[in-house]
Every structure is written in structure tokens, then in C-alpha cells.
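Letter by letter, the chains look like this.
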Amino acid sequence: MKLDRKSRNITAFFLLGACVFIFFILNICIGSVRIALSDVARAFCGQESNETVARILWDIRLPRATAVLILGGALSLAGYLLQTFFNNPIAGPFVLGISSGAKMVVALIMVFFMGKGIRVTSVAMIFAALIGAMLSMGFVLMMSRRIHNMSMLVVSGVMIGYICSAVTELVVTFANDADIVNLHNWSRGSFSGMTWENVKVMAVVVSIVFLAVFLMSKPLGAYQLGDVYARNVGVNLQLLRVCIVIFSSILSACIVAFAGPISFVGIAVPHLVKKLLNTTDPIWMIPACFAGGSAFCLFCDLLAKTILAPTELSISTVTAIFGAPVVLWIIKRKEYQKP
């Protein structure tokens, strides 16, 4: 039995890794300018290649694909943490309004500083998004103490999301005409315009949080079995909950700061991964959720760039097309399982 489960998990990780690799290569090769795989190989090997192709590859395609890989995994991991924390299958950064809160504060910072001609650094963007994410998370936690019905808690999160989105739209209307296009694209969710500086910052932040979350695998596994069991095996529930809130907020903030709010990934991917692995053990789910989120976002970003080329769709439009049916399936399955 253990051997069968282990072989299944290894097969699942192999499939996820293969999907990440294939979609990563396709994202590099496919775009408004097609780059042959041989040119990509020559560039990676340091051999001479067409200067235009090299610039497109190193300055545009590679930073973007790497950012999608990192942020997609972070978004899925944030969704998994929130679903574990609230014990709710449709909890996620977008649904609970956490992404919208982060977006609101980032928009305020961007408009204020852009209006004064001040450049906003990547670290400042993440810090601003973290403040917004923590404000929204604080509201959701406050409501969770008063509302024990998880469905109503999700509705409360959706409402705070709408309020924050309304404030963001109001802020964007006061931006300079030259900045409105960038702000509008960012507010709808987009991976365009990524730089190696952005990638470096997000890689450091997400790597640290991922490692910290992975080290929490055993306490998370005990937490999933109930508060009484977790206390009996020596888990500090208060500290664990604080860590889950902080880490999920940091991941959500990092995503919103660089790519804007992205819908449904944090809800859909953890459930698809759980179905693939056929286990809820965090020591398997944490890395699998990250890999699954990376593969899913790389696939969606590829479609966003190519479906209506040269026009680029917002990433949230594509993720909603594939993620919303999964959410409906989750709701239907939960209703069917009710006695």
C-alpha cells in the first residue's frame, strides 16, 4: 500500500515537472516573434546568435516565463494554506478579498509616487501589497470569529474584495493619462513587463516562504486532523495559525505587487493536485501545489499571449475560463457528499 502510494506520488511529480518544463519552453519560443528551439539552445550554451533574438529571449521572454513559474507556484501555495486554515474548499486569496486589499494599497502607492515622479522599487511594492493583504486578512479573521458559517465567511470576503476593487478603480481615475494604461493592465492581472530585478526579488521572497511552509508540514498535517489531535501531539496552534496567516499574506502580496490580482488559481490548483496525488499529506501537497500552480499559470499565460495575438488577454481572463469550472465541480461534489 505504501509502495503504491509512493510510486503514484513519484509519477505525479514527474508529470508536474514535465508540464512545467514543456510550458516553460513553449512560453520562451512562442510569441509575436517565433524563436526556434535551436536558437534557444544556442543562447543557453553561450554561442553566438541573432542579436535581436538574444535580446527578446534574455530581456523579455525568460524574465517573464521565470516570473510566471515563481508567482504561479506561490499563488497555488497561498490558496492551499488558506484552504487549510479555514477548512474551506473554496478559500483563496482572490475569493477572500486578500488580493483585492493588496491591489488597493499598491494602486494608492503607485498613483501617489508616480504623480510625484518617484520610482517605486520592487521591495516597496511588496511591502505595500503586504499591508493591504494583512488589512483584508484581518477583516476576514474578525468576521470568522463572529460568523461560523463558512459560506457566509466567503461571501464576506467577496464583499470586501468588491469594496477594495471599487476604491482601486476610483484611485486609477486620478492617475496621469500616461500611467493609466500600465495601471489598468496591472489591475486586471498581467505578467508582462517583468525584469530580472523583479525576478530576483520575488525569487528570494517566495523561496524563503516556501522553505518555511515546507518545514511546517508535520504541524499542518496534525492541524488537518483537528484542534484536539494537534494539541495532543504538541502543536502550538496559536503560533501555527499566525504563521499560516503571515505566509499566505506574504505570498499573496508578492503576486499582486508584480502581476496584479489573478483569479481562481489559488482555489482550483490545490484541488486538482489533491486529486492527482490522492492524498492530503502536506509534505507531498506543498511542493506539488507549487509545481501545479507553475504549470497552470505557464499554460494560461501562453494562451493569453497567443489566442488573440497581437492583442494580449489579461491572465485572469484565461485562469477564470479553466478555474471556474473546477470551483463549480467542488461545490457540486460537496453538495453531493452531504447526508
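Residues numbered from 1 in each chain as written. Predicted model: local features only at pLDDT ≥ 70, side-chain atom pairs only at ≥ 80, totals over all residues. Heavy atoms only, no water.

1. What to know about unusual backbone geometry
Now for step 1: Even without glycine at this site, phenylalanine 264 takes up a positive phi of about 70°.
Now for step 2: Within the element layout of this structure, phenylalanine 264 appears in the loop between α11 (237–259) and α12 (265–277).
Now for step 3: Judged by relative accessible area, which is 24%, phenylalanine 264 ranks as partly exposed. (Helix = DSSP H or I, 4+ residues; strand = E, 2+ residues; numbered from the N terminus. Buried < 20%, exposed > 50% of the residue type's maximum accessible area, 1.4 Å probe, protein only.)

2. A few points about the pattern of salt bridges
Now for step 1: The full count for this structure, using the stated rule, is 5 salt bridges.
Now for step 2: For the salt bridge of arginine 55 with aspartate 59, the shortest nitrogen-to-oxygen distance reads 3.9 Å. Of this pair, arginine 55 and aspartate 59 both sit in helix α3 (residues 51–86), 4 residues apart, which is roughly one turn of the helix.
Now for step 3: The partly exposed category is assigned to aspartate 59, whose relative accessible area is 43%.
Now for step 4: Each member of the salt-bridge network shares a partner with another, and the members are Arg64, Asp301 and Glu312. (Salt bridge = Lys/Arg side-chain N within 4 Å of Asp/Glu carboxyl O.)

3. Comments concerning the packing of helix α5 (residues 122–146) against α11
Now for step 1: Axis separation between α5 and α11 bottoms out at 7 Å; the angle between their running directions is 130°. Between α5 and α11, the angle is such that the two are oblique. The crossing of α5 and α11 is right-handed. In this structure, α5 uses Ser122, Met125, Ile126, Ala129, Leu130, Ala133, Met134, Met137 and Leu141 to contact α11, whose residues at the interface are Val245, Ser248, Ser249, Ile250, Ala253, Cys254, Ala257 and Phe258.
Now for step 2: When grouped by side-chain class, the residues that make up the contact of α5 with α11 number 14 nonpolar, 3 polar and no charged. (Axes fitted to C-alpha atoms, helices over the stretch in contact; angles between N-to-C directions. Parallel < 35°, antiparallel > 145°, perpendicular 65-115°, else oblique. Left-handed = near helix turned anticlockwise from the far one by under 90°. Contact = heavy atoms within 4.5 Å. Nonpolar A, V, L, I, M, F, W, Y, C, P; charged D, E, K, R; others polar.)

4. Description of the packing of aromatic side chains
Aromatic ring pairs are described here by two measures, namely the spacing of the ring centres and the angle between the planes.
Now for step 1: This model, assessed by the stated rule, comprises 6 aromatic pairs.
Now for step 2: With centroids separated by 4.8 Å and ring planes inclined at 85°, the aromatic side chains of phenylalanine 85 and phenylalanine 86 adopt a geometry described as edge-to-face. As far as burial versus exposure is concerned, phenylalanine 85 and phenylalanine 86 are alike and both buried.
Now for step 3: Ring geometry for phenylalanine 210 and phenylalanine 290: centres 5.3 Å apart, planes at 65°, overall edge-to-face. One end of the pair, phenylalanine 210, is in helix α8 (residues 196–215); the other, phenylalanine 290, is in helix α13 (residues 282–306), and 80 residues separate them in sequence. (Phe/Tyr/Trp six-rings, centres within 6.5 Å; stacked < 30°, edge-to-face > 60°.)

5. Regarding the nonpolar core
Now for step 1: Leu71, Phe86 and Phe258 are the most contacted members of the largest nonpolar core, which has 99 residues in total.
Now for step 2: For leucine 71, the contacting residues outside a window of four places in its chain are Phe191, Met194, Met202, Cys254, Ile255, Phe258 and Ala259.
Now for step 3: Judged by nonpolar contacts, the second largest core, of 8 residues, contains Ile90, Val95, Ile267 and Ala268. (Core = buried A, V, L, I, M, F, W, Y, C linked by side-chain atoms within 4.5 Å.)

6. Observations concerning the side chain of lysine 103
Now for step 1: Mapped onto the secondary structure, lysine 103 falls in helix α4 (residues 98–115).
Now for step 2: Of the side chains with opposite charge, glutamate 169 lies nearest to the buried lysine 103, which makes no salt bridge, at 5.0 Å.
Now for step 3: Excluding residues that lie within four positions of it along the chain, lysine 103 makes contacts with Ser165, Thr168, Trp186, Ser187, Val256 and Pro261. (Lys, Arg positive; Asp, Glu negative; His and termini not counted.)

7. Points about helix α9 (residues 217–224)
Now for step 1: Considered for burial, the residues of α9 that qualify are Ser217, Leu220, Gly221, Ala222 and Tyr223.
Now for step 2: Looking one or two residues past α9, glycine 226 carries a phi angle of roughly 115°, positive in sign.

8. Section: the environment of alanine 65
Now for step 1: Here alanine 65 is to be found in helix α3.
Now for step 2: On the accessibility criterion, alanine 65 (2% relative accessible area) is buried.
Now for step 3: For alanine 65 and aspartate 301, which are 236 residues apart along the polypeptide, the C-alpha to C-alpha distance reads 8.7 Å.
Now for step 4: For alanine 65, the contacting residues outside a window of four places in its chain are Phe24, Asn27, Ile28 and Leu298.

Honestly, that's just the spatial picture; any functional story needs more than this.
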